[in-house]
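Residues per chain, in single letters:
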Amino acid sequence: MNLELNATNLIKRFGARQLFSIDTLNLKEGDSIHLNGDNGVGKTTLMKVLAGLDKPCEGQVSVTPAKRKLWSSNLHPRVIYLHQSPYIFSGTVRENLAYGLKLRGSSRQQTNDAVDKALSWSRLEPLAHQQAYSLSGGEKQRLALARAWVLNPGLLFLDEPTANLDKKSVQNVAELVADLQNCGTAIMVSSHQSNPVTELCKQNMLLTGGQLKKNVVNEALYA
Amino acid sequence: MQDNLFETTALALQLLFSFDPDLWDIIGVSFRVSLTAIAIATLPAALVGFLLAMLDFKGRTAVIAIFNALMAAPTVVVGLTLYLLLSRSGPFGDFHLLFTQPAMVIGQVALAFPLLVCMSHSAFQAIDKRAWETARTLGANCCMAVITIMREARFALLAAVVAAFGRIISEVGCSMMIGGNIMGYTRNIPTAIALETSKGMFAQGIALGLVLLLLALLLNVTLVSVRGKGRLV
Ligand SMILES: Nc1ncnc2c1ncn2[C@@H]1O[C@H](COP(=O)(O)OP(=O)(O)OP(=O)(O)O)[C@@H](O)[C@H]1O
Ligand SMILES: [Mg+2]
């Protein structure tokens, strides 16, 4: 039942340039990791590779227990990646929340119930029927979180979830992420600076010079 | 001459609204052929446009350039090529397709396809890569993700279909060469206009021309009105 992700000998190159090379990486339920690193070191790329959205040049990523469906081979339904600035589908807030549920073949009733819960969880109820593109940045970020939350993810990759958000929105996002954590979702948050969301993380990893250093405590960061 | 123009136009309207069977037969051929061609061409062309926008393979730019060039190919040249292929002595002569409606459909598919590919390619290019990734990470398999992207690009795709339909329903060269302008079978609006005019009988030509103009107006008004809802965000 417990979700576990293992990566071995991951190498990613763009042309001749090697972005990173990582021997082993293990993520399991209950983990919460702050992935730190300067701009352009490859945090986004690493998280996309781990989430199955991008292919490593060498090495592999495996998630256990494996899902039953064979065709979407490199993507696990309980592993979800959230973009730094979320992509919102055209349609209403409700329709966005229902997207993944419909794909999983939920009935209309189940979908509606789950969407209602997600709306109240993310406090987006007043906006339920609004066209989602018209939401503010902070609301979009909450919508993206709720869109993942309804799918009960086991492992969530959050790419700089607080970039461009004001203090209050950051606080809102942090509350939602804390709640996800309490539900047992493993999270990995990338950010090049400390913020209320990364402060929720128990572990810290630093991507630098193509290497992943685990459990570094960056004094400057937490000063 | 002025009187004459009014007279012919009046005659044209009379032909249209008295539901002159010959006239409406010609209109029927046009719509049957062009709608079939669009129905056949749209999905495969949109998929090619999608692949060109998504995949990064060697020779991708060459393929795009070729489709762009084909888009501008004169209809008579397409007609001539198909004529050579379909004629008795051509490689597909055994199918006896020359001067039939299926031949016209083939010709119009060939005309619409490059236009649909190019326009859907730019429609998909305008869509963010994040849309694909979001769909995939939320559990869409490739097929469902393609459908999602098509939905995101629907206004631009609709514009492509309208443009392609406008091109094929009004083209005369290809239909004339491989359709043969046979009354009651392969005579469509543009070939009929060309023929009637060459015979000096303008009323039917004007009536058919009006139908085409009306259609163009209708299609574009529809397009603009649905697009109005899909404003820039
Ligand atoms: N498709 C690509 N082709 C070539 N280079 C790429 C590609 N994608 C990313 N890169 C390069 O890889 C490097 C790492 O990019 P990435 O987005 O993973 O960095 P990041 O650590 O997330 O940075 P930031 O903190 O600014 O978000 C960048 O220098 C980028 O130019
Ligand atoms: Mg990044």
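Treat the numbers as computed from the prediction; the structure is a model and nothing was measured.

A grouping of Lys102(A), Arg108(A), Arg151(B) and Arg154(B) is seen on the molecular surface, where their side chains present a positively charged patch. For Lys102(A), the location among the structural elements is in helix H2 (residues 93-103).

What follows concerns the packing of aromatic side chains. Scanning the model with the defined rule gives ten aromatic pairs over all chains in all. Between Phe19(B) and Trp24(B), the ring centres sit 5.5 Å apart and the planes meet at 35 degrees, which makes this aromatic pair tilted. Residue Trp24(B) is classed as partly exposed on the basis of its relative accessible area, which comes to 35%. Among the aromatic side chains, those forming a connected cluster through ring pairs are Tyr87(A), Phe89(A) and Tyr99(A).

Looking now at the site of ligand 1. All names here are of chain A. In the vicinity of ligand 1, the residues found are Phe14, Arg17, Leu19, Asp38, Asn39, Gly40, Val41, Gly42, Lys43, Thr44, Thr45 and Glu160. In the environment of ligand 1, an oxygen atom lies 2.8 Å from a nitrogen or oxygen atom belonging to the backbone of Gly40. Taking Thr45, its side chain carries an N or O atom lying 2.5 Å from an oxygen atom of ligand 1. Starting from 640 Å² of accessible surface for ligand 1 in isolation, the protein chains cover 59%. Of all the secondary structure elements, the ones that give two or more residues to the shell around ligand 1 are strand E2 (17-28) and helix H1 (43-51).

Moving on to the packing of helix H5 (residues 101-125) of chain B against helix H8 (residues 154-169) of chain B. For any two helices packed against each other, the geometry is given by the interaxial angle and the distance between the axes. All names here are of chain B. Across the interface, H5 lies against H8 with an axial gap of 9 Å and an inter-helix angle of 155 degrees. When the axis of H5 is compared with that of H8, the two are roughly antiparallel. Relative to H8, H5 is oriented so that their crossing is right-handed. Where H5 abuts H8, its residues Gln108, Leu111, Ala112, Leu115, Leu116, Met119, Ser120, Ala123 and Phe124 lie against Ala156, Leu157, Ala159, Ala160, Val161, Ala163, Ala164, Arg167 and Ile168. Taken together, the residues of the contact of H5 with H8 sort by class into 15 nonpolar, two polar and one charged.

In this section: the nonpolar core. Membership of the largest hydrophobic core comes to 55 residues, with the highest contact counts inside it found for Val93(A), Leu97(A), Leu143(A), Leu145(A) and Leu156(A). Look past the residues within four positions of Leu143(A) in its chain and what remains in contact with it is Ile88(A), Val93(A), Asn96(A), Leu97(A), Leu124(A), Ala132(A) and Leu135(A). If you look at the next biggest cluster of nonpolar residues, it comprises 43 residues, including Val29(B), Ala41(B), Cys174(B) and Leu215(B).

Moving on: the pattern of salt bridges. Residues and elements named next belong to chain A. Considering all chains together, one arrives at eight salt bridges over all chains under this definition. In this structure, Lys12 engages Asp54 in a salt bridge whose closest nitrogen and oxygen atoms are separated by 3.2 Å. Of the two residues, Lys12 is situated in strand E1 (residues 4-14) and Asp54 in the loop between H1 and strand E4 (58-64); the sequence distance between them amounts to 42 residues. With a closest N to O distance of 3.2 Å, Glu175 and Arg123 form a salt bridge.

Here we come to the interface of chain B and chain A. Each side of the interface is counted separately: chain B has 20 residues, and chain A has 24 residues. Summing both sides of the interface, chain B and chain A together bury roughly 1,900 Å²; the carbon and sulfur share of this comes to 56%. Sorting the residues of chain B by area buried against chain A places Arg130(B), Thr137(B) and Leu138(B) first, and these three jointly supply 36% of that buried surface. Where chain B meets chain A, there are one salt bridge.

Residues and elements named next belong to chain B. Cross-referencing UniProt, the feature "transmembrane region" (unreviewed entry) maps to residues 33-55, 62-85, 105-124, 155-182 and 202-226 in the present numbering. A distance of 27 Å separates the end C-alpha atoms of residues 105-124, which is 100% helix and 0% strand. Secondary structure content for residues 155-182 is 79% helix and 0% strand, while the C-alpha to C-alpha distance between its ends is 37 Å.

Before going further, it helps to spend a moment on H5(B). Residue and element names in this part refer to chain B. The end-to-end C-alpha distance of H5, which contains 25 residues, comes to 35 Å, matching closely the 36 Å that a straight helix rising 1.5 Å per residue would cover. Along H5, the helix axis deviates most sharply at Ala112, where the bend reaches about 25 degrees; the proline Pro114 sits within four residues downstream. Within H5, 18 of the 25 residues are buried, which leaves it mostly tucked inside the rest of the structure.

Here is what the cut-offs are and how they apply
- Residues numbered from 1 in each chain as written.
- Chains lettered and ligands numbered in written order.
- Predicted model: local features only at pLDDT ≥ 70, side-chain atom pairs only at ≥ 80, totals over all residues.
- Heavy atoms only, no water.
- Patch = residues over 30% accessible without salt bridge, like charges linked within 9 Å, V, L, I, M, F, W, Y side chains within 5 Å.
- Areas by Shrake-Rupley, 256 points an atom, 1.4 Å probe, with all protein chains shown as cover.
- Salt bridge = Lys/Arg side-chain N within 4 Å of Asp/Glu carboxyl O.
- Lys, Arg positive; Asp, Glu negative; His and termini not counted.
- Charge placed at Lys NZ, Arg CZ, Asp CG, Glu CD.
- Helix = DSSP H or I, 4+ residues; strand = E, 2+ residues; numbered from the N terminus.
- Phe/Tyr/Trp six-rings, centres within 6.5 Å; stacked < 30°, edge-to-face > 60°.
- Buried < 20%, exposed > 50% of the residue type's maximum accessible area, 1.4 Å probe, protein only.
- Near = heavy atom within 4 Å.
- Polar contact = N/O pair within 3.5 Å; in protein donor to acceptor, adjacent residues only side chain to side chain.
- Axes fitted to C-alpha atoms, helices over the stretch in contact; angles between N-to-C directions.
- Parallel < 35°, antiparallel > 145°, perpendicular 65-115°, else oblique.
- Left-handed = near helix turned anticlockwise from the far one by under 90°.
- Contact = heavy atoms within 4.5 Å.
- Nonpolar A, V, L, I, M, F, W, Y, C, P; charged D, E, K, R; others polar.
- Core = buried A, V, L, I, M, F, W, Y, C linked by side-chain atoms within 4.5 Å.
- Buried area = accessible area lost by both parts, 1.4 Å probe.
- UniProt positions renumbered as here; feature names shortened; annotations may be inferred.
- Expected span 1.5 Å × (residues − 1).
- Bend = angle between axes of the 7 residues up to and from the residue.

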